[in-house]
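Chains, contacts and geometry: an overview
What follows is each chain in one-letter form.
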Amino acid sequence: MERMHRRCFDWDYRGRGIYMVTVTAFEHRPLFGELVGGEARPEVRRSALGEMVARCWEELPTRHPGVRPLASVVMPEHFHGVLFVQKAQEKPLGAMVGFLKAHTTSLFLHGASAMAQDTTHGASAPAQGTASASAQGGPAQGVLWPAACGGRRPIWAPGYHDRILFRRGQLERMVAYVRDNPRRLAVKRAHPELFRVVRDLSLAGQPFAGIGNHFLLQWPVRVPIQCSRKLSAEALARRQSALLALARKGAVLISPCISPGEKQIARAAMEEGLPLVVLLENGFPPLYKPPRVYFEACARGHLLMLAPWPHHAGRWAITRERCLALNALAKRLSTEEVCA
């Protein structure tokens, strides 16, 4: 199983910082709860195990003084948390995630063991999915290990994913993302065809992976967004006005989003809810989730993302050869010439 990570190798994970942490249930099993309420009022109804996860997260400062949980959400098969490490720690972030996993597992096993003893002595076991805690505040005992985990398997998948929040505005966006997770899941379940990565597309003689509204490529008018970096502000404004006018009349815009002008026009199209096909230099990793703006556009059926190359984990500047290739693909997928 591929381990999740986003390690920054020149960063001291014992130092002060704000982190977005994601940990996943073993084999992505929905051990922590279930989504209820649909798109209108979505929420995750936590299982007893999900309640343990939330409690262990809030207990992190007792084991690691100087850390502060800022936001969290328990999803059916994973957990997101935003953690503020306020002062340098003796152990790195991985030890804190390890505490969350180990403490949750310990509480769970203690509850399963107590329940097994009750059954041995003739007491009736709680029904699956219910939570019953002892009067002394002991662990909830409502999740049966064999039924929930398919036998004695781990609760957690190996590894974890972290993101360091460096830049201004990242914390607010990430907290909003964490709190919005139930709604995003409800939208994805209501429109699964718009959020499923298809990896065997063949378009214009080129293999692609894609996610979003594939029907956009069947629209009769498709126009590429291609803007030289040398365009003046006035020329770019004219180009944007002409392209958006075409899109309002039903044309699909296709953009590699390379130059600042191309990114500006694509952003304006998404803000208006106009149909857009975006060509990406990097492919889609496993369990890909579109970022916020792309997610909303996908949910409305206004966006298709296409990647002609496989996913790579490294970060490097796009090459001139790939820029030219993406521009050529935009033209091949279009039915019209570049708007002057």
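Keep in mind it's a predicted model, so treat the numbers as computed, not measured.

The rules behind the values
Residues numbered from 1 in each chain as written. Predicted model: local features only at pLDDT ≥ 70, side-chain atom pairs only at ≥ 80, totals over all residues. Heavy atoms only, no water. Pairing = 2+ DSSP bridges. Helix = DSSP H or I, 4+ residues; strand = E, 2+ residues; numbered from the N terminus. Axes fitted to C-alpha atoms, helices over the stretch in contact; angles between N-to-C directions. Contact = heavy atoms within 4.5 Å. Phe/Tyr/Trp six-rings, centres within 6.5 Å; stacked < 30°, edge-to-face > 60°. Lys NZ or Arg CZ within 6 Å of the ring centre and 35° of its normal. Left-handed = near helix turned anticlockwise from the far one by under 90°. Nonpolar A, V, L, I, M, F, W, Y, C, P; charged D, E, K, R; others polar. Core = buried A, V, L, I, M, F, W, Y, C linked by side-chain atoms within 4.5 Å. Buried < 20%, exposed > 50% of the residue type's maximum accessible area, 1.4 Å probe, protein only. Polar contact = N/O pair within 3.5 Å; in protein donor to acceptor, adjacent residues only side chain to side chain. Patch = residues over 30% accessible without salt bridge, like charges linked within 9 Å, V, L, I, M, F, W, Y side chains within 5 Å. Areas by Shrake-Rupley, 256 points an atom, 1.4 Å probe, with all protein chains shown as cover. Salt bridge = Lys/Arg side-chain N within 4 Å of Asp/Glu carboxyl O. Lys, Arg positive; Asp, Glu negative; His and termini not counted. Charge placed at Lys NZ, Arg CZ, Asp CG, Glu CD.

**Focus: the sheet that holds strand β4 (residues 67-74)**
Spatially, the 4 strands line up as an open sheet ordered β4-β5-β1-β6, and their pairing is antiparallel. With one partner strand each, in any of the chains shown, β4 and β6 (161-164) form the two edges of the open sheet. Pairs of neighbouring strands in the sheet enclose a mean axial angle of 20°, with direction left out of account. Strand direction decides the pairing type here: β4 and strand β5 (residues 78-85), joined by 7 bridges, are antiparallel. The residue bridging Arg68 from the neighbouring strand is Phe84, located in β5. In the packing of helix α1 (residues 48-58) onto the sheet, contacts are made with β4 and β5, and the angle to β4 comes to roughly 165°.

**As for the packing of aromatic side chains**
In this description, an aromatic ring pair is defined by two values, namely the gap between the centres and the angle between the planes. Applying the stated criterion to the full structure yields 6 aromatic pairs. Judged by centre distance (5.0 Å) and plane angle (40°), the ring pair of Phe32 and Trp156 falls under tilted. Of this pair, Phe32 sits in the loop between β1 (17-24) and β2 (33-36) while Trp156 is found in the loop between α4 (145-149) and β6, placing the two residues 124 residues apart along the sequence. Of note, Arg184 hangs over the ring of Phe295, and the distance from its end group to the ring centre comes to 4.0 Å. In this structure, Arg322 is placed above the aromatic ring of Trp309, and the distance from its NZ or CZ to the ring centre is 4.2 Å.

**Topic: the packing of helix α5 (residues 170-190) against helix α8 (residues 292-299)**
Contact geometry of α5 with α8 gives a least axis separation of 11 Å together with a crossing angle of 35°. α5 and α8 meet at a crossing whose hand is left-handed. Contacts from Asp180, Arg183, Arg184, Val187 and Lys188 of α5 reach α8 at Arg292, Phe295, Glu296 and Ala299. Considering only residue class, the contact of α5 with α8 consists of 3 nonpolar, no polar and 6 charged.

**Some remarks on the pairing of strand β7 (residues 198-203)**
With 4 bridges joining them, β7 and strand β8 (residues 206-212) adopt antiparallel strand pairing. Bridge pairing in β8 links Val198 to Gly210. Linking two consecutive strands that pair antiparallel, namely β7 and β8, is a turn of 2 residues; a positive phi of about 50° is found at Ala204 within it.

**Structural notes on the nonpolar core**
Residues Ile225, Leu253, Leu276, Val278, Phe284, Leu303 and Met305 are the most contacted members of the largest nonpolar core, which totals 32 residues. Those elements that place two or more of their residues in this core are β8, α6 (233-248), α7 (260-272), β11 (276-279), α8 and β12 (303-307). Top element by residues in this core is α7. It accounts for 5 residues. If near-sequence neighbours (up to four positions away) are discounted, Leu253 is found in contact with Val223, Ile225, Leu243, Leu244, Ala247, Ala269, Pro275, Leu276 and Val277. The next biggest cluster of nonpolar side chains, apart from the first, holds 30 residues, and it includes Met52, Phe79, Leu93 and Leu107.

**Overview of the side chain of Gln89**
Along the chain, Gln89 falls in the loop between β5 and α3 (93-120). Looking at Gln89, the relative accessible area reads 11%, which means it is buried. Among the polar contacts listed, one links the side chain of Gln89 to the backbone oxygen of Pro65, at a separation of 2.9 Å. For Gln89, the side chain forms a polar contact with the main-chain oxygen of Lys87, separated by 3.1 Å.

**Thoughts on a positive patch on the surface**
Together, Arg167, Arg173, Arg292 and Arg315 make up a positively charged patch on the protein surface. Tracing the backbone through its elements, the reader meets Arg167 in the loop between β6 and α5. Overall, Arg167 belongs to the exposed group, its relative accessible area being 53%.

By themselves, these are just geometric observations and shouldn't be taken as functional.
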